[in-house]
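# A look at the structure
So you can see what is in the structure, the chains are spelled out below.
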Amino acid sequence: MPAPAHLDPRLLRAFVTVAEELHFTRAATRLYVAQQALSRDVRRLERELGSELFVRTTRQVTLTADGERLLPYARAALQAQDDLLAAAGQARPLLVDLNSPGLVTPRRVLHRARELAPAHELMARYESGLTGAAGELLAGRLDASFGRFAGLAPALRAGLDQQPVRHEPMAVVLPEDHPLAALAEVPLAALAGETVYAGAGNPRTPEWTDLARSLFEGRGITLAPPAPLAVGEEEFQRIMARTRHPILAVVDFPPLPSTVLRPLVDPVPLSPVSLVWRKGLTHPALDALRRAAAVVAAEEGWLRRPDRGWLPERDIVVMGAR
């Protein structure tokens, strides 16, 4: 592969994005350019290098051997450019997934990070669950997210780093006329015989369903079967009002009409929340986000475990909570 005297970083970014997506239309959408313009940039890079980087057919796009060799170097060059811009005060926005609107933990950390780094742009995104966000993190379409790191598949965890943020007490959302709604706190034993919704069947949140399954095991609590995947708060409320199943949640879960939120006790089940980002990512706003997570966690005592707190063993290891 001959070495040209100069390579336009835009062409390298076009190449890397297509290499990650292996689809020109998706890559163009990600870069906010027309597909024809993206194809022209890739062709221009191939001409300048004197080598084909992709095998294109009507059904798929794959990297050539030259493309495979170039990819790590192109990524390194683009990271170096991002680092240079960051040093000059021109860092790109940091894209931070908050899971869902209304969740307190990630929102508090993001707000504090914006206070710590007012010169940098931190943009909120909503990917619903950490499993859904993990693929976006690894592909470079997101920079950070929050959730249960131990619940990710090993292949996803291998490409990510994490920082424990909070042991968030869990709760249950009940219809306001449910017999348990009169209690200020709901003992786990009182849910025996109940069918409780915990996102079963949602491909973006299996880490949450897995946590619920571990909690319910041996306690006579049935995991509710998959419900139609509801997009948006109004649709979620409608589906839950029809099934009338209690919903496993956290104590800071946003209110829903005609329901009550009750903490779970005896023991207190905990939802382990970590800040998660792609391994090797460097960005001044990520540094601020990590500092903010540590500061807020210390101020609020978020990483202290209650005496009767419950966590699966693998979460205890990940959260360093012994």
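Everything discussed here concerns the structure shown above.
The following refers to the structure shown. These numbers were taken from a predicted model, which means no experiment stands behind them. (Residues numbered from 1 in each chain as written. Predicted model: local features only at pLDDT ≥ 70, side-chain atom pairs only at ≥ 80, totals over all residues. Heavy atoms only, no water.)

### Topic: the overall build of the protein
Looking only at helices and strands, one finds 11 helices and 13 strands in the protein. By its C-alpha atoms, the protein is 75 × 45 × 35 Å across when sized along the principal axes. Restricting the contact set of the protein to residue pairs at least 6 apart, pairs at least 24 apart contribute 74%. Split by element, the accessible area of the protein, about 15,800 Å² in all, is 54% carbon and sulfur. Charged side chains of the protein number 38 positive and 37 negative; the gap between the two group centres comes to 3 Å. (Helix = DSSP H or I, 4+ residues; strand = E, 2+ residues; numbered from the N terminus. Contact = heavy atoms within 4.5 Å. Areas by Shrake-Rupley, 256 points an atom, 1.4 Å probe, with all protein chains shown as cover. Lys, Arg positive; Asp, Glu negative; His and termini not counted. Charge placed at Lys NZ, Arg CZ, Asp CG, Glu CD.)

### A closer look at the layout of surface pockets
There is about 990 Å³ of room inside the second largest pocket. Lining the second largest pocket are 33 residues, with R13, R30, R92, G140 and R141 positioned closest to its centre. Elements supplying a minimum of two residues to the lining of the second largest pocket: α1 (9-21), α2 (24-31), α4 (65-87), β4 (122-125) and α6 (130-139). The greatest single-element share of the lining of the second largest pocket, amounting to 7 residues, is contributed by α4. Residue composition of the lining of the second largest pocket, by class: 13 nonpolar, 7 polar and 13 charged. (1 Å grid on protein atoms, 1.4 Å probe; cavity = no way out; pocket = protein on both sides within 12 Å on 5 of 7 lines; lining within 4 Å. Points joined across faces, edges and corners; volume = space filled by probe spheres on them. Nonpolar A, V, L, I, M, F, W, Y, C, P; charged D, E, K, R; others polar.)

### Some words on the packing of aromatic side chains
Using the criterion set out here, one finds 2 aromatic pairs in the structure. Ring centres of F15 and F54 lie 5.6 Å apart, and the angle between their planes is 50 degrees; this geometry places the pair in the tilted category. Of this pair, F15 sits in helix α1 while F54 sits in strand β1 (residues 54-56); the two residues are 39 residues apart in sequence, bridging distant segments of the chain. For the pair F24 and F54, a centre-to-centre distance of 6.1 Å together with 70 degrees between the ring planes defines the contact as edge-to-face. Of this pair, F24 sits in helix α2 while F54 sits in strand β1, and the two are 30 residues apart along the sequence. Here the aromatic cluster, defined as three or more aromatic residues joined through ring pairs, consists of F15, F24 and F54. (Phe/Tyr/Trp six-rings, centres within 6.5 Å; stacked < 30°, edge-to-face > 60°.)

### Quick word on helix α10 (residues 284-300)
Its 17 residues place the ends of α10 24 Å apart at the C-alpha level, agreeing with the 24 Å of an ideal helix rising 1.5 Å per residue. Inspection of α10 places A285, L286, A288, L289, A292, A293, V296 and A297 among the buried residues, and these make up the whole buried set. All buried residues of α10 lie within an arc of 160 degrees about the axis, which places them on one face of the element. Against the buried residues of α10 lie β3 (94-97), α5 (104-116), β4, β5 (144-147), β6 (160-175) and β12 (268-278). (Expected span 1.5 Å × (residues − 1). Buried < 20%, exposed > 50% of the residue type's maximum accessible area, 1.4 Å probe, protein only. Arc of directions from axis to C-beta.)

### Remarks on the packing of α1 against helix α3 (residues 35-49)
At a minimum axis distance of 9 Å, the contact between α1 and α3 shows a crossing angle of 110 degrees. Viewed along their axes, α1 and α3 adopt a mutual orientation that is roughly perpendicular. Between α1 and α3, the contacting residues are R10, L11, L12, A14, F15 and V18 on the first element and L38, D41, V42, R44, L45 and E48 on the second. Residues of the contact of α1 with α3, tallied by class, amount to 8 nonpolar, no polar and 4 charged. (Axes fitted to C-alpha atoms, helices over the stretch in contact; angles between N-to-C directions. Parallel < 35°, antiparallel > 145°, perpendicular 65-115°, else oblique.)

### Comments concerning the pattern of salt bridges
For the structure shown, the criterion picks out 19 salt bridges. Notably, a salt bridge pairs R112 with E299, separated by 3.0 Å at the nearest N-O pair. Residue R112 is found in helix α5, and its partner E299 is found in helix α10; the two are separated by 187 residues along the sequence. Looking at R112, the relative accessible area reads 21%, which means it is partly exposed. A cluster of three or more residues bridged by salt bridges with shared partners is formed by E21, R26, E136 and R141. (Salt bridge = Lys/Arg side-chain N within 4 Å of Asp/Glu carboxyl O.)

### So, empty space enclosed by the protein
Tallied over the full model, the rule gives 2 cavities of 30 Å³ or more. The volume enclosed by the second largest cavity comes to roughly 40 Å³. In terms of lining, the second largest cavity is formed by G147, R148, F149, A150, P272, V273, S274, D315, V318 and M319. Residue assignment for the lining of the second largest cavity shows that the elements contributing at least two residues are β12 and α11 (313-319).

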